[in-house]
Amino acid sequence: MPFPLLSPRSKLGRAGLRTAAFAFGCAALVASVPGCAAPGAEGAHVTPVSPLSIDDALVRKGATLAAIGNCASCHTAEHGKSYAGGRPLATPFGTIYATNITPDPETGIGRYSSADFLRAMHEGIARDGRHLYPVFPYDHFALATPADVQAIYAFLMTRAPVQVQVPRNHLPFPVSVRGSVALWNALYLKDGVLQPVPGQSAQWNRGAYLAEALAHCSACHTPRNLLGAEKKALPYAGGEADGWHPPALNRSSAAPTPWTSEQVYTYLRRGSEDAHGLAGGPMAEVVSNLSRVPDDDVRAIAVYIASLSAQPAPIAKARAAEGSSGDAQTVARGQVIYAGACASCHDGGRRGNGALDLSLSTAVAMPTPANLVQIVRNGLTPAAGERGAWMPAFGAAITDAQLADLAAYLREHFAGKPAWKDVAGAAKKVREEQAKLSQASAR
Amino acid sequence: MITLNVNGRDHQVDADPATPLLYVLRDELQLNGAKYGCGMGQCGACTVMVDGAAVFSCLTPVSLLPGRRIKTVEGLGSAEKPGVVQRAFIEEQAAQCGYCIAGMVMRAQALLEQNPSPTPTQVRDAMSPNLCRCGTHMRILRAVDRAADAIKSAGVDLKEAGNVRTG
């Protein structure tokens, strides 16, 4: 028997299903991907896969799925080689460096069999048996079919190997003990491939599968609990990523005009949409990765995402960040800043250069100032090497207190909503986080 | 009246607080180094420094600037006695038409004050907001390298070296 049905050791109650999944995946793919075997003890199975033995069509399928999965975003450091890891990921628990997932045998995943890879994707366990941290969204990839995971494996194993050791994580005790993740898994890791919802169209179901099992949209767009798990009671109610507030995509969306599936499609395809504006921050990378994905899949995701705001949903209690309306002097100072710094693009009556009428801006209307602070301080730039609309950064010109003045004016004038509390504090935090991350990158 | 500190000297300026710094520099203070290019922060011809960092003066209302230190290309040196970065631009003949150059010099000055020995990637990242329509980018990059070398070999502190008080 080429792949003995060993029970994965870490999870109670999952073993049966998992093992069945391995068997299915391996049986289906062993012909095209050599080295497929159930995970054994550390180092039990060292059969490097020859890239030449992997089927081209499978690699192409994997390339698409990896682009949807946004793998390159986390697993590529700034100016680093693709998939070679090293990007610092700030979590509430500490800084974790993304791993090298090129097929380098020493520092990457070159010694992973396809079964090792499936276990990592479905259970968050590395080849050597260590737990991976859930900042790697295996709770989503666990929903993906073994066949799709194997296609991603085929894609990654045919990339150029890069030998680079990623820095050590900076985590406090007890999170620094990887075994602590077993508890997290017992609480939050669900079994089984995502099943279609009867009554929904094939396109919607395809979109739901891609968004949940691969793109892991909710990893950023859903709030997380104290243990860093998505709050299942508040799906798509808006979350946190790299100091941004990925906005609510459910009924609680702050978008001044509702999203249609056509608009979501345009936004995902081009990175901008006339009635909603530009993709910024981590979302710009998502759009860049989606440029390699066929239209049908992007449309399916758009249909699913647009459907989220069309149904009633619980509203997150994020409104706490809103205070009373801004005082008149603050708002007046903000208006002067808007007139001198913003209006020439945003209020010049010249559309078509991408500058959004701020009465349409979700960043201005949402419950927290996080995105406005990011956009004003750092501007909006397309992902590295991509073309697209561009807003200049004002971080060097505007102080935290002045940014608060501007925010008070924008909230009152464009969103008609109460001023946010402590915008200056939010701006200070963004400055400090950036300084920390740039230090971490320089290491 | 708004008080602006430009190149080490205070100026009382009678301007609407929403007026972009660029217009005040050129029209009130006769500091014509910074240029009007696009007016949208897309080209960098208007770049000056505020508290040591490069900003687009075309998009910076003067209401933001009381109490802050503004530096323009005139503050770095003169034709007779150019500053370190200016000299490097001259030696590399980095200007063709010259319209972008005051902005380029200021962007480079801000980088080198922060980081006197940047890597090639850091130079490209820092200079990327500024455009040159003539296409002398390669010479500009060499000029930044040359300025960094000059700082290293002469051991100068760019923040102090050759500052010229204007006005």
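These figures come from a predicted structure and were not determined experimentally.

Here is what the cut-offs are and how they apply
Residues numbered from 1 in each chain as written. Chains lettered and ligands numbered in written order. Predicted model: local features only at pLDDT ≥ 70, side-chain atom pairs only at ≥ 80, totals over all residues. Heavy atoms only, no water. Helix = DSSP H or I, 4+ residues; strand = E, 2+ residues; numbered from the N terminus. Rg over C-alpha atoms; globule rule 2.2 N^0.38 Å. Contact = heavy atoms within 4.5 Å. Areas by Shrake-Rupley, 256 points an atom, 1.4 Å probe, with all protein chains shown as cover. Buried area = accessible area lost by both parts, 1.4 Å probe. Salt bridge = Lys/Arg side-chain N within 4 Å of Asp/Glu carboxyl O. Nonpolar A, V, L, I, M, F, W, Y, C, P; charged D, E, K, R; others polar. pLDDT = per-residue confidence, 0-100. Buried < 20%, exposed > 50% of the residue type's maximum accessible area, 1.4 Å probe, protein only. Arc of directions from axis to C-beta. Pairing = 2+ DSSP bridges. Lys, Arg positive; Asp, Glu negative; His and termini not counted. Phe/Tyr/Trp six-rings, centres within 6.5 Å; stacked < 30°, edge-to-face > 60°. Lys NZ or Arg CZ within 6 Å of the ring centre and 35° of its normal. Axes fitted to C-alpha atoms, helices over the stretch in contact; angles between N-to-C directions. Parallel < 35°, antiparallel > 145°, perpendicular 65-115°, else oblique.

## Re the overall build of chain B
Working step 1: Scanning chain B from N- to C-terminus turns up five helices and five strands.
Working step 2: When the helices and strands of chain B are placed in sequence order, the string is β-β-α-β-β-β-α-α-α-α.
Working step 3: Here the C-alpha radius of gyration of chain B, 15 Å, is about what a compact globule of 167 residues would show, namely 15 Å.
Working step 4: Counting only C-alpha atoms and orienting by the principal axes, one finds that chain B spans roughly 45 × 30 × 25 Å.
Working step 5: Sequence separation of at least 24 residues holds for 61% of the intrachain contacts in chain B that already meet a minimum separation of 6.
Working step 6: Summed over all atoms, the accessible surface of chain B reaches about 7,700 Å², with 48% contributed by carbon and sulfur.

## Quick look at the interface of chain B and chain A
Working step 1: Taken together, the contacts link 22 residues of chain B with 19 residues of chain A.
Working step 2: If you sort the residues of chain B by the area they bury against chain A, B:Met40, B:Leu59 and B:Leu64 come out on top, with a joint share of 36%.
Working step 3: Counting every contact that joins chain B to chain A gives zero salt bridges.
Working step 4: Those elements that place two or more of their residues in the side of chain B that touches chain A are β4 (53–56) and α4 (120–127) of chain B.
Working step 5: In terms of residues, the side of chain B that touches chain A owes the most to one element, β4(B), which gives four residues.
Working step 6: When the residues that make up the side of chain B that touches chain A are grouped by side-chain class, the tally is 14 nonpolar, six polar and two charged.

## Observations regarding the confidence of the model for chain B
Working step 1: Averaged over every residue, the pLDDT of chain B is 95; residues scoring 70 or more account for 98%.
Working step 2: Scoring of the predicted complex yields 0.86 for pTM and 0.93 for ipTM.

## Section: the pattern of salt bridges
Working step 1: In this structure the tally under the stated criterion is 20 salt bridges over all chains.
Working step 2: Two residues, A:Asp116 and A:Arg127, come together in a salt bridge whose shortest N-O distance is 3.5 Å. Note that A:Asp116 is positioned in helix α4 (residues 114–123) and A:Arg127 in the loop between α4 and α5 (138–141), a separation of eleven residues in sequence.
Working step 3: We classify A:Arg127 as buried; its relative accessible area is 12%.
Working step 4: Note that B:Arg142 is salt-bridged to B:Glu92, the shortest N-O span being 3.3 Å. Of this pair, B:Arg142 sits in helix α5 (residues 137–154) while B:Glu92 is found in the loop between α2 (84–91) and α3 (101–114), placing the two residues 50 residues apart along the sequence.
Working step 5: Look at B:Glu92 and you get buried, because its relative accessible area is 16%.
Working step 6: A single salt-bridge network, built from bridges that share partners, covers B:Glu91, B:Glu92, B:Arg142 and B:Arg146.

## Some details on helix α7 (residues 180–188) of chain A
Residue and element names in this part refer to chain A.
Working step 1: Along α7, the positions that sit buried rather than exposed are Val181, Trp184 and Asn185. Down the axis of α7, the sector holding all buried residues measures 100°, keeping them to one side. Looking at α7, the residues exposed on the side facing more than 90 degrees away from the buried face are Leu183, Ala186 and Leu187.

## Focus: the pairing of strand β3 (residues 47–50) of chain B
Residues and elements named next belong to chain B.
Working step 1: Going residue by residue along β3, you find Thr47 and Met49 tucked away on one face and Val48 and Val50 tucked away on the opposite face as well.
Working step 2: Pairing between β3 and β4: four bridges, direction antiparallel. Bridge pairing links Thr47 to Phe56 in β4.
Working step 3: The turn joining β3 and β4, which pair antiparallel and follow one another in sequence, is formed by two residues; a positive phi near 50° is taken by Asp51.
Working step 4: Looking at chain direction, β3 and strand β5 (residues 69–71) are connected through two bridges and run antiparallel. Looking across to β5, one finds that Val50 is bridged to Ile70.

## Details of the side chain of B:Arg107
All names here are of chain B.
Working step 1: Within the secondary structure layout, Arg107 lies in helix α3.
Working step 2: For Arg107, which is buried and forms no salt bridge, the nearest opposite charge comes from Asp125, at a distance of 12 Å.
Working step 3: Excluding anything up to four places from it in sequence, Arg107 contacts Thr47, Ala54, Phe56, Ala126, Met127, Pro129 and Asn130.

## Focus: the packing of aromatic side chains
Residue and element names in this part refer to chain A.
Working step 1: Enumeration over the complete set of coordinates arrives at twelve aromatic pairs over all chains.
Working step 2: Geometrically, the ring pair formed by Phe136 and Phe141 is tilted, given 5.6 Å between the ring centres and 50° between the ring planes.
Working step 3: A relative accessible area of 18% places Phe136 in the buried class.
Working step 4: On the basis of an interplanar angle of 85° and a centroid distance of 6.1 Å, the ring pair of Tyr409 and Phe414 is categorised as edge-to-face.
Working step 5: Of the residues examined, Tyr409 reaches a relative accessible area of 6% and is grouped as buried.
Working step 6: Overall, the relative accessible area of 14% leaves Phe414 in the buried class.
Working step 7: What links up through ring pairs into an aromatic cluster is the set Phe136, Tyr138, Phe141, Trp184 and Tyr188.
Working step 8: In this structure, Arg299 packs its charged tip against the face of Tyr265, placed 3.8 Å from the ring centre.

## Structural notes on the sheet that holds β4(B)
Residue and element names in this part refer to chain B.
Working step 1: With respect to topology, five strands assemble into an open sheet ordered β2-β1-β5-β3-β4, the strand pairing being mixed. For this open sheet the edge positions go to β2 (9–13) and β4, each flanked by a neighbour on one side alone. Across the sheet, the axes of successive neighbouring strands diverge by a mean angle of 40°, strand direction being ignored.
Working step 2: Against the sheet, helix α1 (residues 21–28) contacts β1 (2–6), β2, β3 and β5, and its axis sits at roughly 80° relative to β1.

## Some details on the packing of helix α10 (residues 261–270) of chain A against helix α11 (residues 282–290) of chain A
Two measures define how a pair of helices packs: the angle their axes make with one another and the distance between the axes.
All names here are of chain A.
Working step 1: Running from amino to carboxyl end, α10 crosses α11 at an angle of 85°, the nearest separation of the two axes being 7 Å. On the basis of the axis angle, α10 is roughly perpendicular to α11. Residue-level contacts link Tyr267, Leu268, Arg269 and Arg270 of α10 to Met283, Val287 and Leu290 of α11.
Working step 2: Residues belonging to the contact of α10 with α11 are distributed by class as follows: five nonpolar, no polar and two charged.

## Quick look at the side chain of B:Thr72
All names here are of chain B.
Working step 1: Looking at the secondary structure, you find Thr72 in the loop between β5 and α2.
Working step 2: Owing to a relative accessible area of 2%, Thr72 belongs among the buried residues under this scheme.
Working step 3: Those residues within four positions of Thr72 in sequence are excluded, and the remaining contacts are Val6, Asn7, Leu25, Leu31, Val48 and Met106.

## As for unusual backbone geometry
All names here are of chain A.
Working step 1: Cis geometry marks the peptide bond from Phe173 to Pro174; its omega dihedral reads 5°.
Working step 2: Mapped onto the fold, Pro174 is located in the loop between α6 (146–157) and α7.
Working step 3: The phi angle at His79 is positive, at roughly 60°, despite the residue not being glycine.
Working step 4: Tracing the sequence through the fold places His79 in the loop between α3 (71–75) and β1 (88–91).
Working step 5: Phi angles above zero are rare outside glycine, and His216 is one such case at about 45°.
Working step 6: Mapped onto the fold, His216 is located in the loop between α8 (202–214) and α9 (217–221).

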